[in-house]
Amino acid sequence: MSQPIRDKARELLQTGKVNCVIGYERATDGITARPLFVYDVRDVDRLIFDRTCVHNLSRYLRDRRDKMTAIVAKPCDARAINMLLNEQQLDRQKLFIIGVVCQGVNERCWGQTDTRQQVRCQWCRQHVPPVYDFLVGEKPADEPPPAGFPDIEEFEKKSPAERRAFWEEQYRACIRCNACRHSCPGCYCQECFAENLDPAWVGIRIAPAESQIWNLVRAFHLSGRCVDCGACEQACPVNIPLMLLNRKLQKDGIKFFGFEPGLSAEAVPPFATFKKDESPGGEG
């Protein structure tokens, strides 16, 4: 799938339609992939796409929102783009989306080939990006139905005490490095609540109580906005299962509001609007 991406990138740069193409290139270990910013046609052949392309490149778009930019986007990346367009963080007229049909990406392991599919891809059933200007890959005849939330349903079987003990262990592991925040396309506030001193929402010390507030409030801030790309969990150096929190809120968003983020740039997230006929049972 790399050659069609290179051909389109070359065309876009040569015609001046964009002045940068954000995609992937082979990393220095010769096996994995890393983000690549192509400004010169001579660098187009460095572009690749395969199952090692795990990064959500939409994270870089806000820094170029005033410039003509093309981006290589998997379905989860495209959902993030829709989320950012809905929140008026991007200008659609300055963006060219090279969508890629994706059957999932593999676990990332530096210097080694890992053929295990990432867990997030096992739940994903959207192989075609919801938004694109040029599509690479063949559309499947039918998109399979959503896999649901078996991981969340299994976790919900635990008792409240067991769930609390599990998360307390995770909060003790958290080192407050902010890797999750910096990798997430939905975390773009100029001043994060965790850095606000007046009022001081959360202390600066690295301790379970502060880590609990940090992780829970961040998850709530992503409620109705998380596109299930898993970038936060990939970036976490201590392997906290952050998507358990995010997917729980996503599950409830579908149940109570019938809303799944990122499928459309026009659909308004449930917490950005209010309807009188909404009900706790999700039937409104």
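In this text, all values refer to a predicted model and were calculated from it rather than measured experimentally.

A. Layout of the packing of aromatic side chains. By the definition in use, this model includes six aromatic pairs. Geometrically, the ring pair formed by Phe 37 and Tyr 60 is edge-to-face, given 5.2 Å between the ring centres and 75 degrees between the ring planes. Taken together, the positions of Phe 37 in strand S2 (residues 33–38) and Tyr 60 in the loop between S2 and strand S3 (69–73) put the pair 23 residues apart, joining distant regions of the chain. Given a relative accessible area of 29%, Tyr 60 falls into the partly exposed group. Ring centres of Phe 155 and Trp 167 lie 6.2 Å apart, and the angle between their planes is 70 degrees; on these two criteria the pair is classed as edge-to-face. Linking Phe 155 in helix H4 (residues 150–156) with Trp 167 in helix H5 (residues 160–173), this pair joins segments that are twelve residues apart in sequence. The pair formed by Phe 155 and Trp 167 is uniform in burial state, with each residue classed as buried. Ring pairs connect the aromatic residues Phe 155, Phe 166, Trp 167 and Tyr 171, which therefore count as one cluster.

B. Examining the domain arrangement of the protein more closely. Each assigned domain of the protein is listed here: domain 1 (2–136) and domain 2 (150–272). Using only C-alpha atoms to locate each centre, domain 1 and domain 2 end up separated by 24 Å. Facing the 22 residues of domain 1 at the interface are 26 residues of domain 2. Between domain 1 and domain 2 the total buried area reaches about 1900 Å² when both faces are included, carbon and sulfur atoms providing 51% of it. Taken together, domain 1 and domain 2 are joined by one salt bridge. A salt bridge links Glu 87 to Arg 225; the nearest nitrogen and oxygen atoms lie 2.6 Å apart. Between the two partners, domain 1 and domain 2, sit ten residue pairs in polar contact (both at pLDDT 80 or more). Of all the secondary-structure elements, those providing two or more residues to the side of domain 1 that touches domain 2 are helix H2 (75–86) and helix H3 (119–123). At nine residues, H2 tops the list of elements feeding residues into the side of domain 1 that touches domain 2. By residue class, the composition of the side of domain 1 that touches domain 2 is nine nonpolar, seven polar and six charged.

C. Expanded view of the nonpolar core. In this structure, Ile 5, Val 21, Tyr 24, Leu 47, Ile 71 and Ile 81 are the most contacted members of the largest nonpolar core, which totals 43 residues. Breaking this core down by element, the ones donating at least two residues are helix H1 (2–14), strand S1 (20–26), S2, S3, H2 and strand S4 (95–100). Counting contributing residues, this core receives three or more from each of domain 1 (2–136) and domain 2 (150–272). Residues contacting Ile 81, with those up to four places away along its chain left out, are Ser 58, Leu 61, Ile 71, Ala 73, Leu 90, Leu 95 and Ile 97.

D. Quick peek at the pattern of salt bridges. Counted according to the given criterion, the structure contains 18 salt bridges. In this structure, Arg 10 and Asp 45 form a salt bridge, with 2.9 Å as the shortest nitrogen-oxygen distance. Of this pair, Arg 10 sits in helix H1 while Asp 45 sits in the loop between S2 and S3, and the two are 35 residues apart along the sequence. Here Lys 74 makes a salt bridge to Asp 77, at a shortest N to O gap of 3.1 Å. Across the pair, Asp 77 and Lys 74 agree in class, each one buried. Among the charged side chains, a salt-bridge network with shared partners connects Glu 25, Arg 34, Asp 43 and Arg 46.

E. Quick peek at a nonpolar patch on the surface. Residues Ile 175, Ile 206 and Val 238 make up a contiguous nonpolar surface patch of about 240 Å² in total accessible area. With respect to the helices, strands and loops of the structure, Ile 175 is situated in the loop between H5 and helix H6 (179–183). Residue Ile 175 is classed as partly exposed on the basis of its relative accessible area, which comes to 40%.

F. Highlighting the packing of helix H7 (residues 208–221) against helix H9 (residues 242–257). The contact between H7 and H9 brings their axes to 9 Å, and the two run at 40 degrees. Taken together, H7 and H9 sit at an angle that is classed as oblique. As for the relative orientation of H7 and H9, their crossing is right-handed in sense. Note on element contacts: H9 touches H7 through Leu 242, Leu 245, Asn 246 and Leu 249, opposite Asn 215, Leu 216, Ala 219 and Phe 220. Among the residues making up the contact of H7 with H9, the classes are represented as six nonpolar, two polar and no charged.

Cut-offs applied
- Residues numbered from 1 in each chain as written.
- Predicted model: local features only at pLDDT ≥ 70, side-chain atom pairs only at ≥ 80, totals over all residues.
- Heavy atoms only, no water.
- Phe/Tyr/Trp six-rings, centres within 6.5 Å; stacked < 30°, edge-to-face > 60°.
- Helix = DSSP H or I, 4+ residues; strand = E, 2+ residues; numbered from the N terminus.
- Buried < 20%, exposed > 50% of the residue type's maximum accessible area, 1.4 Å probe, protein only.
- Domains from an automatic or database assignment.
- Contact = heavy atoms within 4.5 Å.
- Buried area = accessible area lost by both parts, 1.4 Å probe.
- Salt bridge = Lys/Arg side-chain N within 4 Å of Asp/Glu carboxyl O.
- Polar contact = N/O pair within 3.5 Å; in protein donor to acceptor, adjacent residues only side chain to side chain.
- Nonpolar A, V, L, I, M, F, W, Y, C, P; charged D, E, K, R; others polar.
- Core = buried A, V, L, I, M, F, W, Y, C linked by side-chain atoms within 4.5 Å.
- Patch = residues over 30% accessible without salt bridge, like charges linked within 9 Å, V, L, I, M, F, W, Y side chains within 5 Å.
- Areas by Shrake-Rupley, 256 points an atom, 1.4 Å probe, with all protein chains shown as cover.
- Axes fitted to C-alpha atoms, helices over the stretch in contact; angles between N-to-C directions.
- Parallel < 35°, antiparallel > 145°, perpendicular 65-115°, else oblique.
- Left-handed = near helix turned anticlockwise from the far one by under 90°.

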